[in-house]
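Architecture and fold: a report
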Amino acid sequence: MYDTVESTEPELIAPAVSDRARWLALVVLCGGMLLIVIDATVVNVALPAIQRDLGFSSSGLAWVVNAYLIAFGGLLLLAGRLGDLVSRRGVFITGLVVFTAASLACGLAQGPAALIAARFVQGVGGAMTSSVILGMIVTLFPEPREQAKAIGVYSFVASAGGSAGLLAGGLLTQALNWHWIFFINLPVGVATLVLSLRVLDRDKGLGFGAGTDVLGAVLITAALMLGVYTIVDPAAAQGWTAPRTLELAAVTLVLLTAFVVREATARSPLVPLRIFRSRNVTGANAVQALAVSGMFGMFFLGVLYLQRVLGYDALRTGLAFLPTTVVMATVSLRFAERLITAFSVRATLLSGLTLAAVGLVLFARAPVDGAYLIDVLPAVVLIGTGVGIAFPALAALAMSDATPSDAGLASGLINTTTQVGAAVGLAVLATLSAAHGRTLAGHGASAVAAAAGGYRLGFMVAAGLVTVAVLIAVTVPHRTARPSSD
């Protein structure tokens, strides 16, 4: 129940399930999440090969990523609420079908337009699949200790899957070709779909009751899609103060304002505004946005630093980030739940974010002639440790006040914050690092030295974003997770 308001909504009707069935369901849900997360980064490594093969222009190539981000970020909130109203299992399974079919279309694409269209549809499927997972997990595991452990597994998959995608992208692109980064989704998607039909129990949503908030759905989806588009295209290409950027940003704000007004007056709102009265929910989403902005930018800039400054190829780049995945796995799966239980969500979150910020500061001193063991490995290990500690605590905080009837909404909200934060972080850090690199080159620095200088500035800004996240995390309520009585 929320701290400041009582809800009169009926709870979602979900059947009781055995302990073994719950953990099997967690494996299936995390399998779906892994499929989505890996795909979000596996494409980055293959972009040069896609450009050569399909004849993309430099500006057009960005839309291989942007088309996915716009659909994914724009639809997460709507998909999460649909899961509450209709069926989370149904939304999850439908998303898997759409995502897997779109992956086949991506792999078969023979031209830029076909690939971009398929990526947009893939983003729709990804939003449907991932938006309801966290809500299903907290419903399956209501007991604090088990919930912390389950969220630790989920958080590991959600965070470590990104670096695993870099490695997979390098392997598939070099050993086969870029088409296989999409074809590999087919057997994984089909297997996850079959297991979902067998393992996930049917659930009954709240229903649409007095009516469906169609206007609210249209307003928030349009606002999110336009906002993400503004960030990834005109802001990144023309600058944050360019007329086109400001015009679209103004339209986005108008749509968001209209959405808030609509939700405050609608009989059956898409997003009940009471959810934001919880300091945990509001604080967790603010921290998530800032932390993800720094982390996503770090992976993007880290790949560029390794490839353009140190001369790594795609496979070696993926291997360079492998320690991040290993550390995340160890920390989030074995220690995060214990830390949350022994101390508190807030203390665990603060410790993890601080370690991640320190790792980013270390990355910011990476020189032109950097050595992996000295200049890269300590940074990625610290960042992996910090993320492995912080993200399970952050997910637990974001869902801690959600009622069963609003779990899908809270899950969709934190996922939306993640995607918008990633888009903002990528645009801001890429723009700042590129501009600083051009300035250094104009003052006589070599191309490699100028690029390295730009990346160093980006890493410092990323560290600053995570530091602000630490300051916000201090304000959330102190809550100790009590162990179960068994």
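As the structure is a computational prediction, the values presented were derived from the model and not from experiment. (Residues numbered from 1 in each chain as written. Predicted model: local features only at pLDDT ≥ 70, side-chain atom pairs only at ≥ 80, totals over all residues. Heavy atoms only, no water.)

1. Comments concerning the side chain of Ser87
Tracing the chain through its elements places Ser87 in the loop between helix H3 (63–85) and helix H4 (88–108). Ser87 sits in the buried class, given a relative accessible area of 13%. Ser87 has contacts with Leu82 and Asp203, leaving out every residue within four places of it along the chain. (Helix = DSSP H or I, 4+ residues; strand = E, 2+ residues; numbered from the N terminus. Buried < 20%, exposed > 50% of the residue type's maximum accessible area, 1.4 Å probe, protein only. Contact = heavy atoms within 4.5 Å.)

2. Thoughts on the packing of helix H1 (residues 19–54) against helix H5 (residues 112–131)
Following both chains from N to C, one finds H1 and H5 inclined at 170°, their axes separated by 11 Å at the closest point. Here H1 is positioned roughly antiparallel relative to H5, judged by the angle of their axes. Only Pro112, Leu115, Arg119, Gln122, Gly126, Thr129 and Ser130 of H5 make contact with H1, whose side of the interface consists of Gly32, Met33, Ile36, Asp39, Val43, Ile50 and Leu54. Of the residues assigned to the contact of H1 with H5, the class counts are seven nonpolar, five polar and two charged. (Axes fitted to C-alpha atoms, helices over the stretch in contact; angles between N-to-C directions. Parallel < 35°, antiparallel > 145°, perpendicular 65-115°, else oblique. Nonpolar A, V, L, I, M, F, W, Y, C, P; charged D, E, K, R; others polar.)

3. Topic: the packing of H1 against helix H6 (residues 133–140)
The contact between H1 and H6 brings their axes to 10 Å, and the two run at 170°. As summarised for this structure, H1 and H6 are arranged roughly antiparallel, according to the angle between their axes. Relative to H6, the crossing made by H1 is left-handed. Only Ile133, Met136, Ile137 and Leu140 of H6 make contact with H1, whose side of the interface consists of Arg22, Ala25, Leu26, Leu29, Gly32 and Met33. (Left-handed = near helix turned anticlockwise from the far one by under 90°.)

4. Some thoughts on the packing of aromatic side chains
Counting across every chain of the model gives five aromatic pairs. Here Trp23 and Phe141 contribute two aromatic rings whose centre-to-centre distance is 4.6 Å and whose plane-to-plane angle is 55°, an arrangement assigned as tilted. Of this pair, Trp23 sits in helix H1 while Phe141 sits in the loop between H6 and helix H7 (144–175), placing them 118 residues apart in sequence. Exposure remark for Trp23: the relative accessible area of 25% places this residue in the partly exposed category. On the accessibility criterion, Phe141 (0% relative accessible area) is buried. Judged by centre distance (5.4 Å) and plane angle (80°), the rings of Trp180 and Phe183 are edge-to-face. (Phe/Tyr/Trp six-rings, centres within 6.5 Å; stacked < 30°, edge-to-face > 60°.)

5. Some thoughts on the nonpolar core
Core analysis: the largest hydrophobic core is formed by 133 residues, its most contacted members being Phe92, Leu115, Ile137, Tyr305, Leu353 and Phe363. Not counting residues up to four positions away in its chain, the partners in contact with Phe92 are Val28, Leu29, Gly32, Met128, Thr129, Val132, Ile133, Met136, Ser196 and Leu200. (Core = buried A, V, L, I, M, F, W, Y, C linked by side-chain atoms within 4.5 Å.)

6. Focus: the pattern of salt bridges
Counted according to the given criterion, the structure contains one salt bridge. As a salt-bridge pair, Asp375 and Arg365 come within 3.4 Å of each other at their nearest N and O atoms. Pair noted here: Asp375 is in helix H17 (residues 372–399) and Arg365 is in the loop between helix H16 (345–363) and H17, with a separation of ten residues, a long-range link. Overall, Asp375 belongs to the buried group, its relative accessible area being 8%. (Salt bridge = Lys/Arg side-chain N within 4 Å of Asp/Glu carboxyl O.)

7. As for the environment of Leu69
Relative to the assigned elements, Leu69 resides in helix H3. Expressed as a C-alpha distance, the spacing of Leu69 and Gly126, which sit 57 residues apart in the sequence, is 9.9 Å.

8. So, the environment of Gly388
Along the chain, Gly388 falls in helix H17. Linking Gly388 and Val327, residues 61 residues apart in sequence, is a C-alpha distance of 7.3 Å. Residues within four places of Gly388 in sequence aside, it is in contact with Met328, Val331, Ser332 and Ala336.

9. So, the confidence of the model for the protein
Residues at a pLDDT of 70 or more form 86% of the protein, whose mean pLDDT is 79. The low-confidence segment residues 1–16, where pLDDT is below 50, has 41 contacts with residues more than four positions distant or belonging to other chains. Note that residues 480–486 has pLDDT below 50 and, in this model, twelve contacts with residues that lie over four places away or in other chains. (pLDDT = per-residue confidence, 0-100.)

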